[in-house]
Amino acid sequence: LALAQEVPEQTVRFLQEQASQEPGLRDLALDVLARFARRCPELRKEIVRFLGETLQTDLTEGKTERAAEVLHAIGRTETNTHRNLVRSLANHECPRLRSAALITLGMSNPKSEKVRILHALRADKNPSVRLAALEALKLHPLESAEEQVVMEIPEDVLQDLRWTAQHDPNRDVRLRTLEIFHQSFEDL
């Protein structure tokens, strides 16, 4: 389904119904809907609206795990429609939501959100959020790193990655940073 060029409306409605349910096909339905939004411009507006409403409902009901899943789906649509809400969630009290918001911002608009992501990498007290910031940085500015040379990495990103690899208080965050260097920048 995720590779389909044309999608019947019944399929979209079925996936929306599944994405509104408790566990089961929910995660898969959210993922496929996000892919449809990217591949089928005629469905994009409806799907993005549905995801935004689902996110609002989950937040209102205090279902942070579900809201985080929806945030990831919104990021995969590569839309900026819900940018202000996603930005506000990057400061939410729940680390899972902060993490999902950072990754979503990295997927939807990495250049304009780079400062926010780098700030989270340096300043967030929760190691899982700092790991998410690393992933958010890797998704766009660093994703095609095989073709990049170190000189092409913005200096502020490189400095923050170096600092994180050397000084982050959490060992897993330091190791993940080193893995990113190893996977992406063998020359470094």
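You'll find the structure just up there.
To keep things clear, this report deals only with the structure shown in the data block. (Residues numbered from 1 in each chain as written. Predicted model: local features only at pLDDT ≥ 70, side-chain atom pairs only at ≥ 80, totals over all residues. Heavy atoms only, no water.)

1. Thoughts on the overall build of the protein chain
So, point 1. If you tally the helices and strands in the protein chain, you get ten helices and zero strands.
So, point 2. When the elements of the protein chain are put in sequence order from the N terminus, they spell out α-α-α-α-α-α-α-α-α-α.
So, point 3. Within the protein chain, contacts between residues separated by at least 24 positions form 64% of all contacts whose residues are at least 6 apart in sequence.
So, point 4. Accessible area of the protein chain: about 10000 Å², with a carbon and sulfur share of 50%. (Helix = DSSP H or I, 4+ residues; strand = E, 2+ residues; numbered from the N terminus. Contact = heavy atoms within 4.5 Å. Areas by Shrake-Rupley, 256 points an atom, 1.4 Å probe, with all protein chains shown as cover.)

2. Looking at the nonpolar core
So, point 1. The biggest cluster of nonpolar side chains holds 51 residues, and the ones touching the most others in it are Phe36, Ile47, Leu51 and Leu71.
So, point 2. Not counting the four nearest positions on each side in its chain, Leu51 is found in contact with Leu30, Val70, Ala73, Ile74 and Thr77. (Core = buried A, V, L, I, M, F, W, Y, C linked by side-chain atoms within 4.5 Å. Buried < 20%, exposed > 50% of the residue type's maximum accessible area, 1.4 Å probe, protein only.)

3. Comments concerning a nonpolar patch on the surface
So, point 1. Taken together, Phe14, Leu25 and Leu28 make up a surface patch of nonpolar side chains, about 290 Å² in accessible area.
So, point 2. Residue position: Leu25 is located in the loop between helix H1 (9–19) and helix H2 (26–39).
So, point 3. With relative accessibility at 42%, the residue Leu25 sits in the partly exposed group. (Patch = residues over 30% accessible without salt bridge, like charges linked within 9 Å, V, L, I, M, F, W, Y side chains within 5 Å. Salt bridge = Lys/Arg side-chain N within 4 Å of Asp/Glu carboxyl O.)

4. Considerations on the environment of Asn126
So, point 1. Among the secondary structure elements, Asn126 is positioned in the loop between helix H7 (110–123) and helix H8 (127–139).
So, point 2. When the C-alpha positions of Asn126 and Cys94 are compared, they lie 9.9 Å apart, and in sequence the two are 32 residues distant.
So, point 3. Within the structure, Asn126 has its side chain in polar contact with the side chain of Ser128 (distance 2.4 Å). (Polar contact = N/O pair within 3.5 Å; in protein donor to acceptor, adjacent residues only side chain to side chain.)

5. Remarks on the side chain of Thr164
So, point 1. Mapped onto the elements, Thr164 comes out in helix H9 (residues 155–167).
So, point 2. Aside from chain neighbours lying at most four places away, what touches Thr164 is Leu121, Val173, Arg174 and Thr177.

6. Details of the pattern of salt bridges
So, point 1. All chains considered together, the criterion is met by 17 salt bridges.
So, point 2. With a shortest N-O distance of 2.6 Å, Arg130 and Asp168 are connected by a salt bridge. Taken together, the residues Arg130 in helix H8 and Asp168 in the loop between H9 and helix H10 (171–184) connect sequence positions 38 residues apart. Assigned by exposure class, Arg130 and Asp168 land together as buried.
So, point 3. Connected through salt bridges with shared partners, the residues Arg26, Asp58, Arg66 and Glu69 form a single ionic network.

7. Digging into H1
So, point 1. Among the residues making up H1, those that are buried are Thr11, Val12, Leu15, Gln16, Gln18 and Ala19. Buried residues along H1 cover an arc of 160° about the axis, so they all sit on one side. Opposite the buried face of H1, by more than 90 degrees, sit the exposed residues Glu9 and Gln10.
So, point 2. Buried residues along H1 sit in contact with H2, helix H3 (41–60) and helix H4 (64–77). (Arc of directions from axis to C-beta.)

8. Here we look at unusual backbone geometry
So, point 1. Here Glu78, not a glycine, exhibits a phi torsion of approximately 60°, which is positive.
So, point 2. Its place among the elements puts Glu78 in the loop between H4 and helix H5 (83–89).

9. Overview of the side chain of Arg26
So, point 1. Tracing the chain through its elements places Arg26 in helix H2.
So, point 2. With relative accessibility at 2%, the residue Arg26 sits in the buried group.
So, point 3. In terms of polar contacts, Arg26 uses its side chain to reach the side chain of Glu69, at 2.7 Å.
So, point 4. Arg26 has contacts with Gln18, Ala19, Gln21, Thr54, Asp58, Arg66, Glu69 and Val70, leaving out every residue within four places of it along the chain.

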